[in-house]
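# Fold and contact review
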Amino acid sequence: MKDEIPRGLPAPPPLGSAALPPGTYAGQVVLVTGGGTGLGKAIAAEFARLGADLVIAGRRAEQLHAAREELAAVPGAGRVTAAVCDIRDPERVAEVFDAAQAALGLPDVLVNNAAANFPSPAEDLSPNAWRAVVDITLTGTWFMTREFGRRHLAAGTPGSIVNIGASYAWTGGPGFAHSAAAKAGVKNLVETLAVEWGPYGIQINGLVPGLFPHADMTGDIRTGLDRAAPDALDARQPALRVGAPRELGWAATFLASPYARFVTGHTLVVDGANWQRRALVNPEVVPVREQLGRGPFSG
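These notes cover the structure that comes with them. (Residues numbered from 1 in each chain as written. Predicted model: local features only at pLDDT ≥ 70, side-chain atom pairs only at ≥ 80, totals over all residues. Heavy atoms only, no water.)

### What to know about the packing of helix H1 (residues 38-49) against helix H8 (residues 245-255)
How two helices sit against one another is set out by the angle between their axes and by the gap between those axes. Contact pair H1 / H8: the axes reach a minimum separation of 8 Å and the direction vectors enclose 55°. Accordingly, the angle class assigned to the pair H1 and H8 is oblique. Crossing of H1 over H8 shows right-handed handedness. Contact residues: Leu 39, Ala 42, Ile 43, Glu 46 and Phe 47 in H1; Pro 245, Arg 246, Leu 248, Gly 249, Trp 250, Ala 252 and Thr 253 in H8. Residues that form the contact of H1 with H8 fall into these classes: eight nonpolar, two polar and two charged. (Axes fitted to C-alpha atoms, helices over the stretch in contact; angles between N-to-C directions. Helix = DSSP H or I, 4+ residues; strand = E, 2+ residues; numbered from the N terminus. Parallel < 35°, antiparallel > 145°, perpendicular 65-115°, else oblique. Left-handed = near helix turned anticlockwise from the far one by under 90°. Contact = heavy atoms within 4.5 Å. Nonpolar A, V, L, I, M, F, W, Y, C, P; charged D, E, K, R; others polar.)

If you want it as structure tokens, here you go:
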């Protein structure tokens, strides 16, 4: 009799493996926002491994400098530059593209990874808190996308955009109303611009990460995970494991590659089916305020 103990999905190939042929991105320029830390850096590393010249953008110069040194040391990497940029500022966005174009050439690929997020009951969100997340996650993504698209339209050249999304763009995100609304907008941009810009050779896709623990997770998110599932994150995934950041990088490099040119307007979820999980009987409802340890709303 076969062993029927659940084993989950197999582990990925080791760090340093490549999902595409060596040199797939040789001679191409890839711009990654939020590329100095976390999943953005992991995505940038996989493009570097395939020969890309990189521009990593972010708001903190010290983190960008450290990431640039790390990414430049990736075997196969091309040139790596860094640009301090607040993507909420369209003038600064244009300056980053000017600098990238002067140093390396017009970016062939744009990865919109930069975002902001923190958990909060919807009723506690101040106008500034709402804007802090929506202006970076949605408006900043639009400013980057617009600049990339306009430059390629003017030059008559093809390009590829990958927007990092979130599964609650479909499902709603209790405790994250600001981020869920912004990510729904990001997903809609993918679907809208794929049609508008496809005739000009510009493809755009979305990429949704599941649970990929990494050293740069915010304290709020890490605390929430620890509170919900201390030492049991693997068991809460249908895959019986969490994701390795390189797996998200492999997906990004495929979506932007020559091998996915007919894939556009699509959002790929890389989460081991966790967002589709449903219990046979739903667990008891726990209000968001209680989940976050907040007292009663006082107005």
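### Here we look at the pattern of salt bridges
The final tally for this structure, using the stated rule, is 13 salt bridges. Ionic pairing is found between Glu 46 and Arg 49, a salt bridge with its closest N-O pair at 3.2 Å. Here Glu 46 and its partner Arg 49 are both found in helix H1, three residues apart, which amounts to about one turn of the helix. Comparing Glu 46 with Arg 49 shows no difference in burial state: the two are buried. We note a salt bridge from Arg 289 to Glu 123, for which the minimum N-O separation is 2.9 Å. Remark: Glu 123 occurs in the loop between strand S4 (109-112) and helix H4 (127-155) and Arg 289 occurs in helix H9 (residues 288-291); sequence separation between them is 166 residues. Residue classification places Glu 123 among the partly exposed positions, given a relative accessible area of 39%. (Salt bridge = Lys/Arg side-chain N within 4 Å of Asp/Glu carboxyl O. Buried < 20%, exposed > 50% of the residue type's maximum accessible area, 1.4 Å probe, protein only.)

### Description of the pairing of strand S1 (residues 29-33)
For S1, the tally of buried residues reaches five of five residues, placing the bulk of the element in the interior. One ladder, built from five bridges, connects S1 with strand S2 (residues 53-58); its direction is parallel. Residue Val 29 lies in a different strand from S2, and its bridge partner there is Asp 53. Crossover S1 to S2 through H1 is right-handed. (Pairing = 2+ DSSP bridges. Right-handed = clockwise from strand over helix to strand, strands pointing away.)

### Notes on the side chain of Arg 246
For Arg 246, the position within the fold is in helix H8. Of the side chains with opposite charge, Glu 247 comes closest to the buried, unpaired Arg 246, at an N-O distance of 6.6 Å. In this structure the side chain of Arg 246 is engaged in a polar contact, spanning 2.8 Å, whose partner is the backbone oxygen of Pro 13. Those residues in contact with Arg 246 that sit more than four places away from it in its chain are Pro 12, Pro 13, Pro 14, Leu 15 and Glu 46. (Lys, Arg positive; Asp, Glu negative; His and termini not counted. Polar contact = N/O pair within 3.5 Å; in protein donor to acceptor, adjacent residues only side chain to side chain.)

### So, empty space enclosed by the protein
Tallied over the entire structure, the rule returns one cavity of 30 Å³ or more. The computed volume of the largest cavity comes to approximately 50 Å³. What lines the largest cavity is Asn 163, Gly 165, Ala 166, Ala 169, Trp 170, Lys 183, Val 186, Lys 187, Val 190, Gly 206, Val 208 and Thr 267. Only helix H5 (168-171), helix H6 (177-197) and strand S6 (202-209) provide two or more residues apiece to the lining of the largest cavity. (1 Å grid on protein atoms, 1.4 Å probe; cavity = no way out; pocket = protein on both sides within 12 Å on 5 of 7 lines; lining within 4 Å. Points joined across faces, edges and corners; volume = space filled by probe spheres on them.)

### With respect to the sheet that holds S4
Here seven strands make up an open sheet; going across it, the order is S3-S2-S1-S4-S5-S6-S7 and the pairing parallel. The open sheet terminates on both sides in strands that have one partner only, identified here as strand S3 (80-84) and strand S7 (267-270). Across the sheet, the mean angle separating the axes of adjacent strands is 20° when strand polarity is ignored. Sheet contacts for H1: S1, S2, S4, strand S5 (159-164) and S6; angle to S2, the most-contacted strand, approximately 170°. Against the sheet, helix H3 (residues 90-103) engages S1, S2 and S3, with an angle of about 160° to S3.

### Some remarks on the packing of H4 against H6
One can describe the packing of H4 onto H6 by two numbers: an axis separation of 8 Å at closest approach and a directional angle of 15°. The angle between the axes of H4 and H6 places the two elements in the roughly parallel class. Note on packing geometry: the crossing formed by H4 with H6 is right-handed. Here Ala 129, Trp 130, Val 133, Val 134, Thr 137, Leu 138, Thr 141, Trp 142, Thr 145, Arg 146, Gly 149 and Leu 153 of H4 come into contact with H6, specifically with Ala 177, His 178, Ser 179, Ala 181, Ala 182, Lys 183, Gly 185, Val 186, Leu 189, Leu 193 and Trp 197. Taken together, the residues of the contact of H4 with H6 break down into 14 nonpolar, seven polar and two charged.

Remember, this is a structural readout, not a statement about activity or role.
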